[in-house]
Amino acid sequence: MSTISICVLTKNEAHNITACLESVVWADEIIIIDSESTDDTVALCKRFTDNITIMPWLGCGPQREKIFAMATCDWVLLLDADERVTPELSQEIQATINNSNNNCSGYEIPFTSYYCGKRIRFGDWMNEKHLRLLKREQCAIVPRLVHFGITVTGKIGRLKGKIIHYSFPNITTVINKMHSYSTAGAIHNFKNGKTTSFGSAVGHGLFAFLRGYIFRLGFLDGRYGFMLAVSNAEGSYYKYLKLLEMG
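Values in this document were obtained by computation on a predicted structure and should not be read as measured data.

(A) Spatial organisation of the environment of Thr86. Topologically, Thr86 is positioned in the loop between strand 5 (83-85) and helix 4 (87-97). Of the residues examined, Thr86 reaches a relative accessible area of 14% and is grouped as buried. With sequence-adjacent residues up to four places away left out, Thr86 is seen in contact with Lys162 and Ile164.

Take a look at the structure:
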């Protein structure tokens, strides 16, 4: 029988972490890296696992790389605290990793995501999927500061069951994450020698809005589709504006 590790990064996720970990209690190993939470996150995690490390936040990619290296099972499922594994996906994962005919080293998983409490069906989150189920010895994390990458030696398959993602519960969270993500993106680009201009920042922001709201039919999600398109556009605009300032 193949084994599986669940890897979760946390910081002040007391409102999310119990539901997240309850959805994966079937796993062989649950690993937490907590970034110095000031709420009850760590105490709640202790109900599910003793494998908890507390350390400063190093960035999305570097933190993922560290937690991935801590896994000891055959397979690894990367999960965020605001995500839930559906019962259907739980059964599918267990059947997949124990299938003797399985010839894939990683699997993409479809997402159902919520923005400020509203399910998003179109826009930039339409048909959303992410590579999250990984055969540990055939995969590696690319430690970018934001939107980490994954290298896979072998085939990549796709599961049918979904992860439910309760992203951005309110506008304050949207603004805070947009600020942190745009800063991390600007730092990543700056370290890689990229430059920009004010016109380019405006162009990236405008294109991000048109892509999400018009080209990917975000308007069909009503006001929430508009809100999401605007916040994505702002994130892109500020990322390049911050890069301009760094130059």
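(B) Region of the structure containing the pairing of strand 10 (residues 149-152). The sheet contact formed by strand 9 (residues 139-142) and strand 10 spans four bridges and is antiparallel. Within the sheet, the bridge partner assigned to Ala140 lies in strand 10 and is Thr151.

(C) Main features of the side chain of Ser167. Tracing the sequence through the fold places Ser167 in strand 12 (residues 163-167). For Ser167, a relative accessible area of 5% puts it in the buried group.

(D) Representation of the layout of surface pockets within the structure. Here the second largest pocket is characterised by a volume of approximately 160 Å³. Along its surface, the second largest pocket is lined by 13 residues, and Phe111, Arg119, Asn127, Glu128 and Lys162 are the ones closest to its centre. The dominant element in the lining of the second largest pocket, judged by the number of residues it contributes, is strand 6 (residues 104-115), at four residues. Looking at side-chain class alone, the lining of the second largest pocket contains five nonpolar, three polar and five charged residues.

(E) Up close: the environment of Leu134. With respect to the helices and strands, the residue Leu134 is situated in strand 8 (residues 129-135). By relative accessible area, which is 0% here, Leu134 ends up buried. Distance from Leu134 to Leu44, taken between C-alpha atoms, is 26 Å for residues 90 residues apart in sequence. Every residue in contact with Leu134, bar those within four places of it in the chain, is listed here: Phe68, Asp74, Trp75, Val76, Leu78, Ser105, Gly106, Cys139 and Ile150.

(F) Representation of the packing of helix 6 (residues 198-215) against helix 7 (residues 222-246) within the structure. Between helix 6 and helix 7, the least distance of the axes is 8 Å, while the angle of their chain directions is 160 degrees. Here helix 6 is positioned roughly antiparallel relative to helix 7, judged by the angle of their axes. Of the two possible hands of crossing, helix 6 and helix 7 adopt the one that is right-handed. Contact residues: helix 6 offers Phe198, Ala201, Val202, His204, Gly205, Ala208, Phe209, Gly212 and Tyr213, while helix 7 offers Gly225, Phe226, Ala229, Val230, Asn232, Ala233, Ser236, Tyr237, Tyr240, Leu241 and Leu244. Broken down by class, the residue content of the contact of helix 6 with helix 7 amounts to 14 nonpolar, six polar and no charged.

(G) Structural view of the nonpolar core. By size, the foremost hydrophobic cluster in this structure holds 27 residues, and its most contacted members are Ile4, Ile6, Leu21 and Leu133. Secondary structure elements with two or more residues in this core: strand 1 (4-10), helix 1 (17-22), strand 2 (29-34), helix 2 (41-45), strand 4 (75-80), helix 4 and strand 6. At four residues, the largest contribution of residues to this core is made by strand 6. Those residues within four positions of Ile6 in sequence are excluded, and the remaining contacts are Val24, Ala27, Glu29, Ile30, Ile31, Leu77 and Leu79.

(H) Structural context of the pattern of salt bridges. Enumeration according to the criterion identifies six salt bridges in this entry. The partner of Asp80 in a salt bridge is Arg64, and the shortest N-O contact between them spans 2.3 Å. In this pair, Asp80 sits in strand 4 while Arg64 sits in helix 3 (residues 60-70), placing the two residues 16 residues apart along the sequence. Take Asp80: its relative accessible area is 21%, and that puts it in the partly exposed class. Put simply, Glu83 and Arg132 hold a salt bridge, and the shortest N to O gap is 2.8 Å. With a gap of 49 residues between them, Glu83 in strand 5 and Arg132 in strand 8 connect regions that are remote in the sequence.

Cut-offs applied
- Residues numbered from 1 in each chain as written.
- Predicted model: local features only at pLDDT ≥ 70, side-chain atom pairs only at ≥ 80, totals over all residues.
- Heavy atoms only, no water.
- Helix = DSSP H or I, 4+ residues; strand = E, 2+ residues; numbered from the N terminus.
- Buried < 20%, exposed > 50% of the residue type's maximum accessible area, 1.4 Å probe, protein only.
- Contact = heavy atoms within 4.5 Å.
- Pairing = 2+ DSSP bridges.
- 1 Å grid on protein atoms, 1.4 Å probe; cavity = no way out; pocket = protein on both sides within 12 Å on 5 of 7 lines; lining within 4 Å.
- Points joined across faces, edges and corners; volume = space filled by probe spheres on them.
- Nonpolar A, V, L, I, M, F, W, Y, C, P; charged D, E, K, R; others polar.
- Axes fitted to C-alpha atoms, helices over the stretch in contact; angles between N-to-C directions.
- Parallel < 35°, antiparallel > 145°, perpendicular 65-115°, else oblique.
- Left-handed = near helix turned anticlockwise from the far one by under 90°.
- Core = buried A, V, L, I, M, F, W, Y, C linked by side-chain atoms within 4.5 Å.
- Salt bridge = Lys/Arg side-chain N within 4 Å of Asp/Glu carboxyl O.

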